[in-house]
Amino acid sequence: MNETKFQQLALMGVSQSDALEYAARLAKSGKSCAPKLFLTKENWLLTPLPVVYFGVNNRMLVLPFLDTAHLDKVFGVAVEGIPFSKNDDNFNLPKETGWIGVNSALEEMTDKIFGTSYFGRPRFAVPYLHELQQAYGKRELFNETMRIFREQGLSSDNWSREPYAVADICSKDKYPNVVDMGTGVISKYDSQAKLYHMRFIISGNRSMKTLPLTEGGLPNWEQLTEEVYEHYFG
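Here the structure is a predicted model, which means the values were calculated and not measured.

Criteria and cut-off values
Per chain, residue numbering runs from 1 following the sequence as it is written. Since the coordinates come from a predicted model, pLDDT governs what is reported: local features require at least 70, and pairs of side-chain atoms require 80 or more to be given and counted, while whole-chain, interface and lining totals use all residues. Derived side-chain values reflect all non-hydrogen atoms in the structure, with water molecules and hydrogen atoms excluded from consideration. Helix and strand labels come from DSSP, where a helix needs a run of H or I of at least four residues and a strand needs a run of E of at least two; each type is numbered from the N terminus. Partly exposed residues are those whose accessible area sits between 20% and 50% of the maximum for their type, while under 20% is buried and over 50% is exposed, using a 1.4 Å probe and protein chains only. In this analysis, two residues are considered to be in contact whenever any of their non-hydrogen atoms come within 4.5 Å of each other. To be clear on the numbers: accessible area is Shrake-Rupley with a 1.4 Å probe, and residue cover counts the displayed protein chains and nothing else. Here, nonpolar core means buried Ala, Val, Leu, Ile, Met, Phe, Trp, Tyr and Cys residues that are tied together by side-chain atoms lying within 4.5 Å of each other. pLDDT expresses how confident the predictor is about each individual residue, on a scale running from 0 to 100. The salt bridge definition used is simple: a Lys or Arg side-chain nitrogen within 4 Å of an Asp or Glu carboxyl oxygen.

### A few points about the overall build of the protein
Summing up its helical and strand segments, the protein has 6 helices and 12 strands in all. Out of the 234 residues in the protein, the part that is buried amounts to 41%. Sequence separation of at least 24 residues holds for 62% of the intrachain contacts in the protein that already meet a minimum separation of 6. Summing over all exposed atoms, the protein offers an accessible surface of approximately 12,900 Å²; the carbon and sulfur share of this is 51%.

As structure tokens, this is what we get:
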């Protein structure tokens, strides 16, 4: 596509998210407009959103494809650089543990994956409102990526049309708002509600590695050999 067409699309207000969504729909219908020239292995499947893996020592690795040889390492996807889990977690909060119990569960998950407390470690968390709003803007790309995951046998959930809890930026024990991921409507948390969904993220010092690419979109094997790539997964 020439520069004039790109300028015309920009004037029409076509965003990067719009372009990726269009590519994903074409790919789903078998009419992919995105050449897969950078894919160098049969087990690398292009995904609408980057895939987040747990590599060696549970260091995060972000790749623009799903590597079916490392499905057991997949955590989820990156949305604007934020790692979102591929699975929902549902809590009947008023009748079970309440928010304090949720935070305790997150601490246990963090200790298991990232080690016991140390300064600046990554941690599992409930998204803040602005983070869930970013995910809402790319929910169709997210759901399409989850579909690809399921086709490869991975447990993964589309965004539900039920409300999702969001964290309070000032207090980790408060969840004042919920977001309907079907409509984008933000409302106040109701302590009498019977069920809220959660989609955990990884917060803190994420230190995510990425696959270096050439300007043409090909794996830059001068910087990343196949041996180094495999080493990332341990």
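### Notes on the nonpolar core
Counting 33 residues, the largest nonpolar core has Leu66 and Phe84 as its most contacted members. If you tally residues by element for this core, the top one is helix α5 (residues 139-151), at 5 residues. Within the second largest apolar cluster, 16 residues are counted, among which are Val62, Phe75, Phe124 and Ile202.

### A closer look at unusual backbone geometry
With phi around 60°, asparagine 58 is a residue other than glycine that occupies positive phi space. Within the secondary structure, asparagine 58 sits in the loop between β1 (44-54) and β2 (60-67). Judged by its relative accessible area of 25%, asparagine 58 is partly exposed.

### Some remarks on the confidence of the model for the protein
Per-chain confidence: the protein averages 78 in pLDDT, with 69% of residues scoring 70 or above. Within the protein, helix α1 (residues 3-11) has the poorest average pLDDT of any element, 57, and strand β3 (residues 74-79) the best, 96. Of the regions scoring below 50 in pLDDT, residues 31-39 engages in 18 contacts with residues more than four places distant in sequence or in other chains.

### What about the pattern of salt bridges?
Once their charged atoms are close, side chains differing in charge can pair, the charge on each being opposite to the other. Considering all chains together, one arrives at 4 salt bridges under this definition. Salt-bridge contacts for lysine 138 lead to glutamate 80; the nearest nitrogen and oxygen are separated by 2.9 Å. Remark: glutamate 80 occurs in the loop between β3 and β4 (82-85) and lysine 138 occurs in the loop between α4 (129-137) and α5; sequence separation between them is 58 residues. For the salt bridge of arginine 147 with glutamate 144, the shortest nitrogen-to-oxygen distance reads 2.5 Å. You can see arginine 147 and its partner glutamate 144 sitting in helix α5, 3 residues apart, about one turn around the helix. Residue glutamate 144 is classed as buried on the basis of its relative accessible area of 10%. One continuous salt-bridge network, built from bridges that share partners, spans Glu144, Arg147 and Glu151.

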